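# Observations on chain architecture
Below are the chains, spelled out letter by letter.
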Amino acid sequence: MIKPSEQSNRFDVVVIGGGSAGICAAIAASRQAERGSRVALIEKSGHLGGMGPLAFVHTFCGLYHPDTSRPPRVANLGLPAEIEAAIRRLTGEDEPTAMGRVYVLRQHPEIYGQLAKELVSAEGAELVAMMESECTKISRESDGRFTLDILSAEGVRQIHGSSVVDCSADALAADFLGATRMSENSDRLQKPAFIFSLSNVGEGVRDEHFKMRLALDLVHAVRAGQLPDTILGSTLRESVNKGECFVSMDLDTTEVQWDPSNPAATAEIEKKGRALARQLCSFLKARYSYFKQATEPRFPPSIGVRESFRWLGQHVLNAEELIEGVSFPDTVAYAAWPLEMREDAKGAKFTYFKNAKSSEIPLRSLVSAEIPGVYFAGRCISATHEALASVRVMGTCFATGQAAGMAAALFASGLNQIDVQARKIQQILK
Amino acid sequence: MTELSSTIKSLRSLISERLFQLNECFTEDCDLYAEGLDSMAMMQLILMLEQEMAVRIDPQDLAKENFQTLKAIAILVEKKRFS
């Protein structure tokens, strides 16, 4: 007989990482799994919702079909639609905002972080969230199951899972399991963001003319040498909370030769982000009455990493497939955000899909090409550098997380053919 | 080619290269705001005009309609060059 203590360490599905992809993977796996099945969600911080609460990302991109000639429609059914409705209710945001050819939904990092926790805990005892717990090793046993070392305040505990969903954003499980990890040359990596908030800001910052004037003044300040040119990637957006605004900046990583696998360089680039933010705040306070009474800036716990490592899946999703809107037999999620390239820290460059329609993401780009039972979602799916510039956004992470979680639960229940899993997921999400 | 149409051509290629890809059916009278020109892109656009087209944009130029279409921007650029 299995002792209760051992029983508690056995899971059908283990999800690594509790960001936007991870929470959806865990909830979807838990809902999909047979009665009595157990799902573990491992999160290294005290937050769920990833780049929302950790990096102050304050909009959901990729939630709606990319067609602003029509009213907004959610691109992915199931959890993405549930989260969209919940966040609108909690923030009081009636409608998404049209931004050129796409819609974005404003949210609030704190509200979203709380919602992520509520959604996970609402699933009941069969979904076990392990917070402030880090996966430090994964091995695959001879019977095909996985053993994971989980480090927390109690020390190292071993847990076991029939399938694994890597939502670590960095394809950590690939490294542990000796599978291929794809990356991009550090000079082409999408530049990370540094987002901070200011409170007690005048209502006038909402005015479009003010934003144009700010854009002009920033360009002139950069040209006069008063501000560094990385300021040119900045945006100011009013929060759903009155009197608060968020400022997003791109970080220039060339000087410190940042790459996401170097934690010391990450600390260095974060320090630069804070310095740049303070410079911009002084500029805003000195120039504009709307910022005179503003509080000290609130800095995020982490920088907003946009790109690091990815898994090699059975299919590598590429930019052409997204732009042309290629059909796949095993489509389980839709990409709805244009390719948003940020290679130079001086602002985004958008490439839109050819037809004003969402593009398909096949299950094969969420399944390991090398190790059966390993799925992935979010920022570390099997995609090229260019395709990732579309699929990395939160709205799409919800969708890939949901699909990968469902597939992992099906695998744990003995259904291991990818095409059969895909058909089943398509039926459920219809 | 007139000055204006050559400026429109340069603007089209600069915007396509740096801000958002403009397809063949995007004419000189099409709405750039509908294509994604927001305050963030405006910063890149102003820099582009000042650096590549050697004009200085002033606060009084910041009317929304001056940046609405490729043609409107080209007219603004030509006017600034002339003055």
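Everything discussed here concerns the structure shown above.
Here is what the cut-offs are and how they apply
- Residues numbered from 1 in each chain as written.
- Chains lettered and ligands numbered in written order.
- Predicted model: local features only at pLDDT ≥ 70, side-chain atom pairs only at ≥ 80, totals over all residues.
- Heavy atoms only, no water.
- Helix = DSSP H or I, 4+ residues; strand = E, 2+ residues; numbered from the N terminus.
- Contact = heavy atoms within 4.5 Å.
- Buried area = accessible area lost by both parts, 1.4 Å probe.
- Salt bridge = Lys/Arg side-chain N within 4 Å of Asp/Glu carboxyl O.
- Polar contact = N/O pair within 3.5 Å; in protein donor to acceptor, adjacent residues only side chain to side chain.
- Phe/Tyr/Trp six-rings, centres within 6.5 Å; stacked < 30°, edge-to-face > 60°.
- Buried < 20%, exposed > 50% of the residue type's maximum accessible area, 1.4 Å probe, protein only.
- Lys NZ or Arg CZ within 6 Å of the ring centre and 35° of its normal.
- Pairing = 2+ DSSP bridges.
- 1 Å grid on protein atoms, 1.4 Å probe; cavity = no way out; pocket = protein on both sides within 12 Å on 5 of 7 lines; lining within 4 Å.
- Points joined across faces, edges and corners; volume = space filled by probe spheres on them.
- Nonpolar A, V, L, I, M, F, W, Y, C, P; charged D, E, K, R; others polar.
- Axes fitted to C-alpha atoms, helices over the stretch in contact; angles between N-to-C directions.

Its place among the elements puts B:Leu47 in helix α3 (residues 39-52). Between the alpha carbons of B:Leu47 and B:Cys25 there is a distance of 26 Å; along the sequence they are 22 residues apart. If near-sequence neighbours (up to four positions away) are discounted, B:Leu47 is found in contact with A:Val219, A:Arg223, A:Leu232 and B:Glu52.

With that out of the way, let us pick up the interface of chain B and chain A. Opposite the 29 residues of chain B that make contact, chain A presents 25 residues. At the boundary of chain B with chain A, total buried surface from both sides reaches about 2,400 Å², with 60% on carbon and sulfur atoms. At the boundary of chain B and chain A, one finds 2 salt bridges. Notably, a salt bridge pairs B:Glu50 with A:Arg223, separated by 3.0 Å at the nearest N-O pair. Counting across the chain B and chain A interface gives 9 residue pairs in polar contact (both at pLDDT 80 or more). Counting residues per element, the ones that place at least two in the side of chain B that touches chain A are α1 (3-18), α2 (32-35) and α3 of chain B.

The next subject is the packing of aromatic side chains. Between two aromatic rings, the relevant description is the distance of the centres plus the angle of the planes. The final tally for this structure, using the stated rule, is 16 aromatic pairs over all chains. Each ring, one from A:Phe196 and one from A:Phe299, has its centre 6.1 Å from the other, and the planes form 85°; the classification is edge-to-face. Of the two residues, A:Phe196 sits in strand β11 (residues 193-198) while A:Phe299 sits in the loop between α8 (263-287) and β14 (310-311), which places them 103 residues apart along the sequence. A:Phe196 gets classed as buried once you look at its relative accessible area, which sits at 0%. Ring-pair connections join several aromatic residues into one group, and the members of that group are A:Phe210, A:Phe283, A:Tyr288, A:Tyr290 and A:Phe291. Directly above the aromatic system of A:Phe309 lies the positively charged group of A:Arg181, at a separation of 3.9 Å from the ring centroid. One cation-aromatic arrangement involves B:Lys64 over B:Tyr33; the distance from NZ or CZ to the ring centre is 4.7 Å.

Bringing the sheet that holds strand β3 (residues 59-60) of chain A into the picture now. Residue and element names in this part refer to chain A. Here 3 strands make up an open sheet; going across it, the order is β3-β5-β4 and the pairing antiparallel. Because the sheet does not close on itself, it has two edges, and the strands there are β3 and β4 (97-99). Bridge analysis of β3 against strand β5 (residues 102-106) gives 2 bridges, and the strand direction is antiparallel. Each residue of the ladder has a partner; that of Thr59, found in β5, is Arg106.

Here we come to empty space enclosed by the protein. One pass over the full model with this rule turns up 6 cavities of 30 Å³ or more. Reported here for the largest cavity is a volume of approximately 130 Å³. Secondary structure elements with two or more residues in the lining of the largest cavity: α7 (208-223), β12 (235-238) and α8 of chain A together with α3 of chain B. Here the lining of the largest cavity is built from residues that sort into 9 nonpolar, 3 polar and 1 charged.

Moving on to the pairing of strand β15 (residues 331-335) of chain A. Residue and element names in this part refer to chain A. Where burial is concerned, most of β15 is hidden: 4 out of the 5 residues are buried. Pairing analysis gives 4 bridges linking β15 to strand β18 (residues 359-362), with the strands arranged antiparallel. Note that in β18 the partner of Ala333 across the bridge is Ile361.

Considered as a void within the structure, the second largest pocket measures approximately 490 Å³ in volume. If you go around the second largest pocket, you meet 22 residues; those closest to its centre are A:Thr97, A:Ala98, A:Met99, A:Glu208 and B:Asp38. Those elements giving two or more residues to the lining of the second largest pocket turn out to be β4, β5, α7 and β12 of chain A together with α3 of chain B. Tallying contributions element by element places β12(A) first for the lining of the second largest pocket, with 4 residues. Residue classes in the lining of the second largest pocket are distributed as 9 nonpolar, 5 polar and 8 charged.

With that settled, the discussion passes to the sheet that holds β11(A). Hydrogen bonds between backbone groups are what pair the strands of a sheet, and the pairing can be parallel or antiparallel. Residues and elements named next belong to chain A. Across the sheet, which stays open at both edges, the 3 strands sit in the order β11-β13-β12 with antiparallel pairing between neighbours. Strands at the two margins of the open sheet, each flanked by one partner only, are β11 and β12. Within this sheet the neighbouring strands show an average axis-to-axis angle of 20°, counted without direction.

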